[in-house]
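Each chain, written out:
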Amino acid sequence: MVEEVSLRETYGKVLVELGRENPDIVVLDADLSPSTMTGYFMKEFPQRFFEVGIAEQNMIGIAAGLAASGKIPFASTFAVFAPGRCFDQIRVSVAQSKLNVKIVVTHAGVTVGEDGATHEALEDLSLICSLPGFTVIVPADAIETAQAIRAVAAHFGPCYVRLCRPKLPLVYSPDYRFDIGKAVQLRPGGDVTVIAIGVMVTQGLQAAAELEKEGIDCRVINMPTLKPLDEQSIIKAARETGAIVTAEEHQEYGGLGSAVARVVARTSPVPMEFVAVKDTFGGSGKPEQLLAKYGLTARDIAGAIRKVIERKG
Amino acid sequence: MTPESKNPSSMPDGLFSSREDLKEVARRLRRRIVTIIGKAGSGHPGGSLSAVEIVTALYWRVLRHKPSDPRWPDRDRFILSKGHAAPVLYTALAECGYFPIAELDTLRQLDSRLQGHADCCVTPGVETSTGSLGQGLSFAIGAALAGRLDSRGYRVYALLSDGECDEGQTWEAAMSAAHFKVDNLTAVIDNNGLQLSGRVRDIMNLDPLGKKWEAFGWQVSEVDGHDINQLLDALEKAKNVKGQPAVIIAHTIKGKGVSFMENNVDFHGKAPNAKELELALKELA
């Protein structure tokens, strides 16, 4: 059994480490610190922690002002509230002003579970990727989360990191090295490529293992940086395997699938299938029930792989 | 202590004009504002003209700033939250020497550094991009908090419009500035009584505006926003407020200085034509 570790717990702890290393790290939260896990930072650095209350627009504006005067603000809330509740503030005060603000959100996607549709961000990646200059990262496990948080702290410019609520199985070993903008091949394969992010990476690996029994040699790529996209890895996968399936816990519109399809269409058209939420809102249930309901399981990925291979001819 | 005594090199020549001279500065800014908006053929004269004395008092007498080094870390920050009044900021910045005065003529043109609404990435001296109302005060709080964390002595000034107080974010920010006891921040409200489509009291009544700010934890003062002496006194007093932020409600006239623009909602976002410009310049002679 693979160990399961919380991404947001990891985030909270890495923030404290960063706080110790760099006095310019400051943290803002909008009344969700026990859930986003910024509470660890608050306890150790109360002077550098700003609880803004349930006011995400103001949080982003204050973060922008802090960044403009040399601080490295991490602003956290749930993925539905940023960018959803403060998109224009992110657009104008952060992106247009090219400020060094780090927005780290938790509770993305249907794996929020019982809280239901209002709380399940399925469009945040589409919104945030549409803003010029943003770096957008979706870690697949706690090890990648720790490194991604360190990477965005060291990177100058606006960044968005999307984390989920539940613990996730470890995908990586501790010696893994995350680089912004670099895809990671987790499994070689020549017949088809699955490109996945976040929660869906483990599902993609399971699907590939399952299909091996049917003689399908499936490459699996984790694309932790959605923007800027690692185009070379996509082009290589398209040319070498001739078919691509994308998998994301997000709307089909404007997420990973759309981004990969743009590259594929422009450089090396091959059949594609998209495992994503199909133009609907989420709902209440257990995370695994919801993943099944919205077609986001290893089985769904396997189905998409069979379909795309058939189309490959 | 005057900024001059602290850092003589921090101010360009002539910025410490006497209070009488400031009237002349204000007149010059008004002439430039109508001229460049007229030349551009579009823009927002009304809310630029109402803020002239406020901006003059700040840039010529209050702010510690270095036009030769716009990102000087210890500078006082001025945030134009009412971003559509960019022409008043541009003219002040140009007059102070942030960029050549001739560049004002490029307002709103392709590839100009002077966009219709101020963009901090292209215009020297602009602290943050504004134009989407309600965002400036939050930014100002962040800048003030950073100054406090670093024990820098700078002060942050935010200029808001009255109409902008419709925005919920303004009140989120107001609440938090008091909560964080941000006392290195002065907000000035250009209370000209008009917004894009009509009178503020008809569009969304803000009264009693002063009591609202007071209830949100701010030290409130009210002045005639075209009386530079009153503005300077209020700005000075605000500096000495401890443990809470200060707001100055500056009662102004939209379109001030040009008779046919004064209190005329049509000139919120309309440029004067050639004839109107000629008339305006005559009045501002």
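Residues numbered from 1 in each chain as written. Chains lettered and ligands numbered in written order. Predicted model: local features only at pLDDT ≥ 70, side-chain atom pairs only at ≥ 80, totals over all residues. Heavy atoms only, no water.

K.L.:
I would appreciate a short explanation of the overall build of chain B in the present structure.
P.N.:
The secondary structure content of chain B amounts to eleven helices and seven strands. In terms of overall dimensions, chain B has a C-alpha envelope of 50 × 45 × 35 Å along the principal axes. Here chain B holds 285 residues, and 58% of them are scored as buried. Taking as baseline every contact in chain B between residues at least 6 positions apart, the subset at least 24 positions apart corresponds to 77%. As displayed, chain B offers around 11000 Å² of accessible surface, 49% of which is attributable to carbon and sulfur atoms. Each charge sign in chain B was given a centre, from 34 positive and 36 negative side chains, and these centres are 2 Å apart. (Helix = DSSP H or I, 4+ residues; strand = E, 2+ residues; numbered from the N terminus. Buried < 20%, exposed > 50% of the residue type's maximum accessible area, 1.4 Å probe, protein only. Contact = heavy atoms within 4.5 Å. Areas by Shrake-Rupley, 256 points an atom, 1.4 Å probe, with all protein chains shown as cover. Lys, Arg positive; Asp, Glu negative; His and termini not counted. Charge placed at Lys NZ, Arg CZ, Asp CG, Glu CD.)

K.L.:
Help me understand unusual backbone geometry in this model?
P.N.:
A negative phi angle characterises most non-glycine residues, just as the trans form characterises most peptide bonds. Between Ala82 of chain A and the following residue, Pro83 of chain A, the backbone shows a cis peptide bond with an omega angle of 10 degrees. The topology assignment puts Pro83 of chain A in the loop between β4 (72-78) and α5 (87-96). Cis geometry is found at the peptide bond from Asp207 of chain B to Pro208 of chain B, where omega equals -5 degrees. Secondary-structure assignment places Pro208 of chain B in the loop between α8 (200-203) and α9 (209-215). Residue Asp31 of chain A is not a glycine yet carries a positive backbone phi of 60 degrees. By the element assignment, Asp31 of chain A lies in the loop between β2 (25-29) and α2 (33-36).

K.L.:
Got a minute to help me understand the nonpolar core in this structure?
P.N.:
Where a protein is soluble and globular, its nonpolar side chains tend to be buried together. Counting 85 residues, the largest nonpolar core has Phe134 of chain A together with Leu137, Leu185 and Trp213 of chain B as the members making the most contacts within it. Per-element tally for this core: the top contributor is helix α6 (residues 136-149) of chain B, with eight residues. When residues of this core are sorted by domain, at least three fall in each of domain 1 (4-169) and domain 2 (184-312) of chain A. Ignoring anything within four residues of it in the chain, the contact list for Leu137 of chain B reads Ser81, Ala158, Leu160, Thr170, Ala173, Ala174, Leu185, Ala187, Trp213 and Trp218 of chain B. Counting 60 residues, the second-largest nonpolar core is a separate cluster that includes Phe178, Val194, Leu211 and Cys218 of chain A. (Core = buried A, V, L, I, M, F, W, Y, C linked by side-chain atoms within 4.5 Å. Domains from an automatic or database assignment.)

K.L.:
Any chance you could explain the pairing of strand β13 (residues 244-251) of chain A here in plain terms?
P.N.:
A regular strand places its side chains so that they alternate between the two faces of the sheet. Residue and element names in this part refer to chain A. Of all the eight residues making up β13, eight are buried; the element is thus mostly covered by neighbouring parts of the structure. For strand β10 (residues 192-196) and β13, the ladder comprises four bridges, and the chain directions are parallel. From the neighbouring strand, Ile195 faces β13, where its bridge partner is Thr246. Bridge analysis of β13 against strand β14 (residues 272-277) gives five bridges, and the strand direction is parallel. What sits directly across from Thr246, in β14, is Phe274. (Pairing = 2+ DSSP bridges.)

K.L.:
Looking at this structure, I do not really get the packing of aromatic side chains. What am I missing?
P.N.:
Given two aromatic rings, one states the distance between the centres and the angle between the planes to describe the pair. Under the counting rule described, the total for this entry stands at ten aromatic pairs over all chains. A centroid spacing of 6.1 Å and a plane angle of 15 degrees characterise the contact between Phe78 of chain A and Phe81 of chain A, whose relative ring orientation is stacked. On the basis of relative accessible area, Phe78 of chain A is assigned to the buried category, the value being 7%. Directly above the aromatic system of Tyr154 of chain B lies the positively charged group of Arg77 of chain B, at a separation of 3.6 Å from the ring centroid. We note Lys270 of chain B situated over the ring of Phe267 of chain B; from NZ or CZ to the ring centre the distance is 4.6 Å. (Phe/Tyr/Trp six-rings, centres within 6.5 Å; stacked < 30°, edge-to-face > 60°. Lys NZ or Arg CZ within 6 Å of the ring centre and 35° of its normal.)

K.L.:
Got a minute to help me understand the domain arrangement of chain A in this structure?
P.N.:
Often the size quoted for an interface is simply the accessible area lost on bringing the parts together. Residues and elements named next belong to chain A. Domain annotation for chain A reports domain 1 (4-169) and domain 2 (184-312). Centre-to-centre separation of domain 1 and domain 2, based on C-alpha positions: 26 Å. Of the residues lining the interface, 32 residues belong to domain 1; the matching set on domain 2 comes to 29 residues. Summed over both partners, the interface of domain 1 with domain 2 comes to about 2300 Å²; 59% of that surface belongs to carbon and sulfur atoms. Scanning the region where domain 1 abuts domain 2 turns up one salt bridge. Between Lys286 and Glu114 there is a salt bridge, with its nearest N and O atoms 4.0 Å apart. In this assembly, domain 1 and domain 2 are joined by 16 residue pairs in polar contact (both at pLDDT 80 or more). Contributions of two or more residues to the side of domain 1 that touches domain 2 are made by α6 (124-129), β6 (135-137) and β8 (168-169). For the side of domain 1 that touches domain 2, the leading source of residues is α6, giving four residues. Classifying every residue of the side of domain 1 that touches domain 2 by side-chain character gives 18 nonpolar, seven polar and seven charged. (Buried area = accessible area lost by both parts, 1.4 Å probe. Salt bridge = Lys/Arg side-chain N within 4 Å of Asp/Glu carboxyl O. Polar contact = N/O pair within 3.5 Å; in protein donor to acceptor, adjacent residues only side chain to side chain. Nonpolar A, V, L, I, M, F, W, Y, C, P; charged D, E, K, R; others polar.)

K.L.:
I would appreciate a short explanation of the state of the cysteines in the present structure.
P.N.:
Covalently bonding the sulfur atom of one cysteine to the sulfur atom of another cysteine gives a disulfide. Under the definition given, this model contains zero disulfides over all chains. The thiol of Cys159 of chain A is unpaired, and the distance to the nearest cysteine sulfur, on Cys129 of chain A, comes to 12 Å. The thiol of Cys96 of chain B is unpaired, and the distance to the nearest cysteine sulfur, on Cys120 of chain B, comes to 19 Å. (Disulfide = S-S within 2.5 Å.)

K.L.:
Just to check I follow, could you spell out helix α7 (residues 142-154) of chain A for this structure?
P.N.:
The α-helix winds at 3.6 residues per turn, so residues separated by three or four positions along the chain end up facing the same way. Its 13 residues give α7 of chain A an end-to-end C-alpha distance of 19 Å, which sits within 8% of 18 Å, the value for a rise of 1.5 Å per residue. The residue sitting at the N-terminus of α7 of chain A and contributing the capping side-chain oxygen is Asp141 of chain A; that oxygen lies 3.1 Å from the backbone nitrogen of Ile143 of chain A. (Expected span 1.5 Å × (residues − 1).)

K.L.:
Just to check I follow, could you spell out the sheet that holds β4 of chain A for this structure?
P.N.:
Residue and element names in this part refer to chain A. The sheet built from seven strands is open, its strands ordered β3-β2-β4-β5-β7-β6-β12 with mixed pairing. Each edge of the sheet is formed by a strand with only one pairing partner; in this case those strands are β3 (49-51) and β12 (225-227). Between one strand axis and the next, the sheet turns by 20 degrees as a mean value, whatever way the strands run. Pairing analysis gives five bridges linking β4 to strand β5 (residues 102-106), with the strands arranged parallel. Counterpart to Phe74 in the pairing with β5 is Lys102. (Axes fitted to C-alpha atoms, helices over the stretch in contact; angles between N-to-C directions.)

K.L.:
How should I be thinking about the pairing of β5 of chain A in this particular structure?
P.N.:
Among the five residues of β5 of chain A, five are classified as buried, and the element is accordingly described as predominantly covered. Once you follow β4 of chain A into α5 of chain A and on to β5 of chain A, the crossover reads as right-handed. (Right-handed = clockwise from strand over helix to strand, strands pointing away.)

K.L.:
What's the story with the interface of chain A and chain B in this structure? I'm lost.
P.N.:
Taken residue by residue, the interface counts 27 residues in chain A and 23 residues in chain B. Taken together, chain A and chain B are joined by one salt bridge. Here Asp150 of chain B makes a salt bridge to Lys71 of chain A, at a shortest N to O gap of 2.5 Å. At the junction of chain A with chain B, the criterion picks out 13 residue pairs in polar contact (both at pLDDT 80 or more).

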